[in-house]
Every structure is written in C-alpha cells, then in structure tokens.
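Chain and residue survey
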Amino acid sequence: MQFAGSHILSVTQFERADVERIFTVADRMEPYAHRRRVTKVLDGAILGSMFFEPSTRTRVSFGSAFNLLGGEVRETTGFENSAIAKGESLYDTARVLSGYSDVIAMRHPAAGSVAEFAAASRVPVINGGDGANEHPSQALLDLYTIKKELAGRGRAIDGLRIAMVGDLRYGRTVHSLCKLLCLFDKVQVVLVSPQELKMPGEIVEELRQAGHEVIESDALEASIAHVDIVYSTRIQEERFSSQQEADLYRGRFRLNQSIYTEHCEPNTVIMHPLPRDSRDTARELDDDLNDNPNLAIFRQTDNGVLVRMALFALVLDVVDQVDRHARDVNWYTAGRF
Ligand code: NCD
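Residues numbered from 1 in each chain as written. Predicted model: local features only at pLDDT ≥ 70, side-chain atom pairs only at ≥ 80, totals over all residues. Heavy atoms only, no water.

The name an unreviewed UniProt entry gives the chain is Aspartate carbamoyltransferase, with Parahaliea maris as the organism. According to UniProt, the comment filed for the chain under the heading Catalytic activity (unreviewed entry) is "carbamoyl phosphate + L-aspartate = N-carbamoyl-L-aspartate + phosphate + H(+)". (UniProt positions renumbered as here; feature names shortened; annotations may be inferred.)

Below, the structure is given as structure tokens:
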C-alpha cells in the first residue's frame, strides 16, 4: 500500500509486505523511543488525539510517539467534553478537527465510526479502536512483540502456535490480531472462551481460509499446553447490557504461576493487550506472574510506542528524514529499556 496520506482503519488494508515495512521502520525508531537520540522531524506538526472511550496506554502512547518525533498533541477525551454532546455529527466534527491537525488518532465506542469520521476528514486518521470491531495499531504492536519474543526462541510468525483466551466475542484486539495473522503461513490458533463469548464465525472462517488450523475450546489448561504464546484478554464489560451479565464470565479463565508451571511448555510467552483486570473477581493474569521473565505485557506496551512512531512516520512520509533531524539526548537516560 501507499502509506503517505492514508488512513489506518483496519488491518485488512495491509499486505504482508506492508506489515514487514512497518516493523522495519519500528526497529529504526528504537534510539528515539529509548531516549538515546532526539529527533525533531515532526517539529510543528499537530496530532489530534480524540478518545471517546476510556484509554490510558493507547491514547498516551500515540501522544508519546508523536512527541518523540518532535510533534505536538491536542487532546479531546470523552463525549461530555466535546461538541458531540451538543448533537454534532461525526461528519461535522471531522471537517472541523481535521482543519486543526496534521493527523488524527481516534477511539470511539461504535463499530465503523472511525471509518465514517475518516471519510469526512481532511487529514489521515488512525483507528485507536472502534467498538468491538478493530484495533489495528494494537494488532501491529502485538504481532511485532510476537516476532521479537519468538526470534530469541528460534521460532517465527510463520508456524506460530497461539492461544487466545477470554472475551473473544467483544475483544477488538483479538479480532484484529486474527485478521492480521491471515497474512502469514501455517498458524495454529486455539480459541479459548465461554461458549457465549466465542470468536465471531466470520473471523474463524477467515483464519481457516488462510490455511490456518483453528481449535475452539472452553478449557484453559489443555489449550495452553502446546503453544508459543498465551494471549489473555479481559471481559469487555462495557459491551455487555449489564454488569451482572459480565459477572457471569469474569474470572472464568485465570492464568497464574502454578497453572503456568504445570501446564505450559517452558518459555511460553504470556501476552495481554492490557488493562488486565486485577480485581479479585477477575485476575485473568495473576500478579504472581509479574516476576516470570516470559510475561511480555510491558514489553508489548513499550513496543506500542515504536509501532505508533512507525505509523506516523509512514503516514506523514518522513521515514527517511528522521535521522537527519536528530541529535543525542542531553540528559541521563540509562537503565529504562
Ligand atoms: C484494549 C482495547 O481498548 O481494546 N486495550 C488497549 O487498547 N490496549 C483491550 C481492553 O480494553 O481490554
């Protein structure tokens, strides 16, 4: 695809070579994300950050990524603080805000809303999550993390064995990740969920069409025994009609250190898009895994900055200028990464 000036709305717009290009650019962002070098390549550029659903890491990491490239961030969070609360349409909001920004990152609770907004926008729009539909930048950072974690284990994305666990019906991160995996070869996907929260049938079908093996299960222990990655997810309580309904499923699949030791192959990587639900009623990934070196959740969040920097650099077409506008940092930065 041509990245310059494009919206990033769904992983289905990528071919394998596009994903590889994003990962190559993400690798090149490391000196900047790891605070060894500073670049001002986006000096003067403005990111419109519009998050109409709760978000910590996606919102802040999009903003940090833009700042790390030298740009500035203007934020709108929550419907209550925006003119949408006065009845303004997505079309009008998009026409207005795209006049104030060079690129927009947006999250919205309705599936398809970010694409509708993008159609009216005068600048590229990156989907930061549209309802239960898609979360393309998360899928990219997840796959980038998978690639990096497996490289040290002599394995690759082709031939990957992954278990996705939890709310596969409403979890947009696993929807996007499954679609992205369709670009690769011979993947085995074990889908572990309560019967009522299964992966949508059309996504299972897409995986099978891509030649992948798909196993659906509602038993955690047996499903995580022979995989490279366990990708755990939170019950998406905000998508249920009531808290009581969400309570039926919360805490159903809990991974802790003793289950991991007993059932997983050594060095199985543990991932989660975060936030993990650490309340006693949930704990899908127990805190007792925090010292497990295979817990990759905070490497995922660090990688998110690299991948989002890569998306901005590609969409704003500055990849080859980043190093030209750079210098070493002045301050103490050791030990963080
Ligand atoms: C996810 C999301 O918002 O879909 N969070 C994130 O962006 N890292 C997952 C979740 O909220 O459970």
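Moving on, there is more to tell.
**Concerning the overall build of the chain**
Scanning the chain from terminus to terminus reveals 12 helices and 11 strands. A compact globule built from 337 residues should have a C-alpha radius of gyration of about 20 Å, and the chain, at 20 Å, falls within 12% of that. Within the chain, the proportion of its 337 residues that are buried is 56%. Partitioning the intrachain contacts of the chain with sequence separation of at least 6 by distance along the chain shows that 77% fall at a separation of at least 24. On the chain, roughly 14200 Å² of surface is accessible, and the fraction owed to carbon and sulfur atoms is 47%. Charge separation in the chain, taken as the distance between the mean sites of 38 positive and 48 negative side-chain charges, equals 5 Å. (Helix = DSSP H or I, 4+ residues; strand = E, 2+ residues; numbered from the N terminus. Rg over C-alpha atoms; globule rule 2.2 N^0.38 Å. Buried < 20%, exposed > 50% of the residue type's maximum accessible area, 1.4 Å probe, protein only. Contact = heavy atoms within 4.5 Å. Areas by Shrake-Rupley, 256 points an atom, 1.4 Å probe, with all protein chains shown as cover. Lys, Arg positive; Asp, Glu negative; His and termini not counted. Charge placed at Lys NZ, Arg CZ, Asp CG, Glu CD.)

**Regarding the nonpolar core**
Within the largest apolar cluster, 69 residues are counted, with the highest numbers of intra-cluster contacts made by Ile22, Leu143, Ile162 and Met164. No other element matches helix H12 (residues 297-315), which puts 10 residues into this core. For Ile162, the contacting residues outside a window of four places in its chain are Ile146, Leu177, Leu181, Val187, Gln188, Val189, Val190, Val227, Ile229 and Tyr231. In terms of nonpolar packing, the next biggest core, distinct from the first, is built from 19 residues, Ala163, Leu255, Ile270 and Leu285 among them. (Core = buried A, V, L, I, M, F, W, Y, C linked by side-chain atoms within 4.5 Å.)

**Quick look at the layout of surface pockets**
Put simply, the largest pocket is a space of about 470 Å³. As for the largest pocket, its lining consists of 24 residues, and the residues nearest its centre are Arg107, Arg234, Glu238, Leu274 and Pro275. Those elements giving two or more residues to the lining of the largest pocket turn out to be helix H3 (57-68) and helix H7 (172-181). The residue makeup of the lining of the largest pocket, split by class, is 4 nonpolar, 10 polar and 10 charged. One number sums up the size of the second largest pocket: a volume of about 340 Å³. Around the second largest pocket, the lining is made up of 22 residues, and of these Ser61, Thr301, Asp302, Val305 and Phe337 lie nearest the centre. Looking at the lining of the second largest pocket, the elements that each hand over two or more residues are H3, helix H6 (136-151) and H12. It is H12 that contributes the most residues to the lining of the second largest pocket, 8 residues altogether. When grouped by side-chain class, the residues that make up the lining of the second largest pocket number 9 nonpolar, 8 polar and 5 charged. (1 Å grid on protein atoms, 1.4 Å probe; cavity = no way out; pocket = protein on both sides within 12 Å on 5 of 7 lines; lining within 4 Å. Points joined across faces, edges and corners; volume = space filled by probe spheres on them. Nonpolar A, V, L, I, M, F, W, Y, C, P; charged D, E, K, R; others polar.)

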